[in-house]
Amino acid sequence: MTKEIKVGNIYIGGTNPVTVQSMTNTKTEDKENTLKQICRLSEAGADLVRIAVPTVAAAGAVKYLVQNSPVPLIADIHYDYRLAIKCAENGISKIRINPGNISNKENLKKLVEVLKDKDIPVRIGINGGSLEKDIEKIYGNTAEALVISAIRNAGIFEELGFSKICLSVKSSDVLKTIEAYRLLSKKCDYPLHIGITETGILSKGIIKSSVGVGALLSEGIGDTVRISLTGDPVNEVETAVEILRCLQLKEKGIEIISCPTCGRTEIDVKGISEKIYDECKKINKKLKIAVMGCCVNGIGEAGDADFGVAGGKKESIIFYKGNKIKTCPNDEILKELLNLVEISN
Ligand code: SF4
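Residues numbered from 1 in each chain as written. Predicted model: local features only at pLDDT ≥ 70, side-chain atom pairs only at ≥ 80, totals over all residues. Heavy atoms only, no water.

**A word on the site of the ligand**
The environment of the ligand is formed by Cys259, Pro260, Thr261, Cys262, Arg264, Thr265, Gly293, Cys294 and Asn297. Its residues placed into classes, the shell around the ligand shows four nonpolar, four polar and one charged. (Near = heavy atom within 4 Å. Nonpolar A, V, L, I, M, F, W, Y, C, P; charged D, E, K, R; others polar.)

**Looking at the packing of helix α6 (residues 143-159) against helix α7 (residues 174-187)**
To describe two helices that pack against each other, one gives the angle between their axes and the distance between the axes. Two numbers describe how α6 lies on α7: the axes approach to 8 Å, and their chain directions differ by 40°. Here α7 runs oblique to α6, going by the angle between their axes. Where α6 crosses over α7, the two elements pack in a sense that is right-handed. Packed against α6, whose contacting residues are Ala143, Glu144, Leu146, Val147, Ala150 and Ile151, the element α7 presents Lys176, Glu179, Ala180, Leu183, Leu184 and Lys187 at the interface. Here the contact of α6 with α7 is built from residues that sort into eight nonpolar, no polar and four charged. (Axes fitted to C-alpha atoms, helices over the stretch in contact; angles between N-to-C directions. Helix = DSSP H or I, 4+ residues; strand = E, 2+ residues; numbered from the N terminus. Parallel < 35°, antiparallel > 145°, perpendicular 65-115°, else oblique. Left-handed = near helix turned anticlockwise from the far one by under 90°. Contact = heavy atoms within 4.5 Å.)

**Looking at the sheet that holds strand β11 (residues 253-258)**
Pairing is mixed across the open sheet formed by five strands, whose spatial order is β11-β12-β13-β14-β15. Edge strands, defined here as strands with exactly one partner in the open sheet, are β11 and β15 (323-329). Averaged over all pairs of adjacent strands, the angle between their axes in this sheet comes to 20°, without regard to strand direction. Pairing analysis gives six bridges linking β11 to strand β12 (residues 286-292), with the strands arranged parallel. Of the residues in β12, the one forming a bridge with Ile254 is Leu287. (Pairing = 2+ DSSP bridges.)

**Quick notes on the sheet that holds strand β9 (residues 193-194)**
The sheet built from eight strands is open, its strands ordered β8-β7-β6-β5-β4-β3-β10-β9 with parallel pairing. The open sheet has two edge strands, β8 (165-170) and β9, and neither has a second partner.

**Some details on the side chain of Thr239**
Within the element layout of this structure, Thr239 appears in helix α9 (residues 234-246). We classify Thr239 as buried; its relative accessible area is 9%. The residues touching Thr239, leaving out its near neighbours within four places in the chain, are Ile206, Ser210, Ile227 and Leu229. (Buried < 20%, exposed > 50% of the residue type's maximum accessible area, 1.4 Å probe, protein only.)

**Focus: the pattern of salt bridges**
Here the structure, examined in full by the defined rule, presents 20 salt bridges. One salt bridge connects Arg50 with Asp76, and the closest N-O pair in it is separated by 2.4 Å. Residue Arg50 is found in strand β4 (residues 48-52), and its partner Asp76 is found in strand β5 (residues 73-77); the two are separated by 26 residues along the sequence. Classification of Asp76 by relative accessible area gives buried; the value is 7%. One connected set of salt bridges, linked through shared partners, spans Arg50, Asp76 and Arg96. (Salt bridge = Lys/Arg side-chain N within 4 Å of Asp/Glu carboxyl O.)

**Overview of the domain arrangement of the protein**
For the protein, the assigned domains read domain 1 (4-246) and domain 2 (253-344). The centre of domain 1, based on its C-alpha atoms, is set 39 Å off from the matching centre of domain 2. (Domains from an automatic or database assignment.)

Spelled out as structure tokens, the structure:
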């Protein structure tokens, strides 16, 4: 079992549920738009949100964001330890740095003193694209190299008496990432932040992430998840939540079971499914709704749904726990299902 760290009011590691995090893609200096995005991510199910802090102005904005954010914030720092200190002073809940930040021992010492004083944990994020030269020279750009770098850098913090550490060893190569986390989980008990990095456009990225993150979580590896997707980060949170739900690591929320459609389909399965999902995705209750295109296989195949519809020519069957409760005209299916959602909620 991994160690537990506290990030704001959230616990990561140990026996705690796997948390979901994402990262804003607004300019952090633009406080209002960044806060809006943080709130959207939180509403979608993010437990934590990371913000990039590349400038003094961004570090200054941290104070306002921390005061107004509904979830703990993590500052992503590259190159300048002073920005990390400024974020710590401004109330950030966690710092993410990569080894490039800790090449100067004296500067790292100053940062660690502040982190200890304010009880702020650190994620040391190792990426395939920024491995230390000496490690890459011996081990190449391999899973083993990622792990050696992570352990080495965690050791530097430990030597300074700091152990509130979370580690990540990401690569855009799914198999390499899986191998790296498997190795790392055998070598240490730090909580692990998992994800596949730079996965590309939405549809491909969701698949790469689901395969990689899903494989790791199914083996019990991973304490916090970030799905990296190009575009609106809300997609990252929705994907992460869905992966957790598929693996029964998260129970609450709506699940739509919809048939693939075929020559027997009588209703707009895709349209109805999408509309119900959009209307109900914020519901914080476990609910399984089925949208089946016909009555031939519909009710039987959706037997484990809480309720649903099986399409007919002009009228469709509304069923509840596998039993028909009524029929309704096809243009009233959505209304009937939303009504049942309201009753169940
Ligand atoms: S539920 Fe009916 S419409 Fe949907 S795929 Fe099965 S047979 Fe076809």
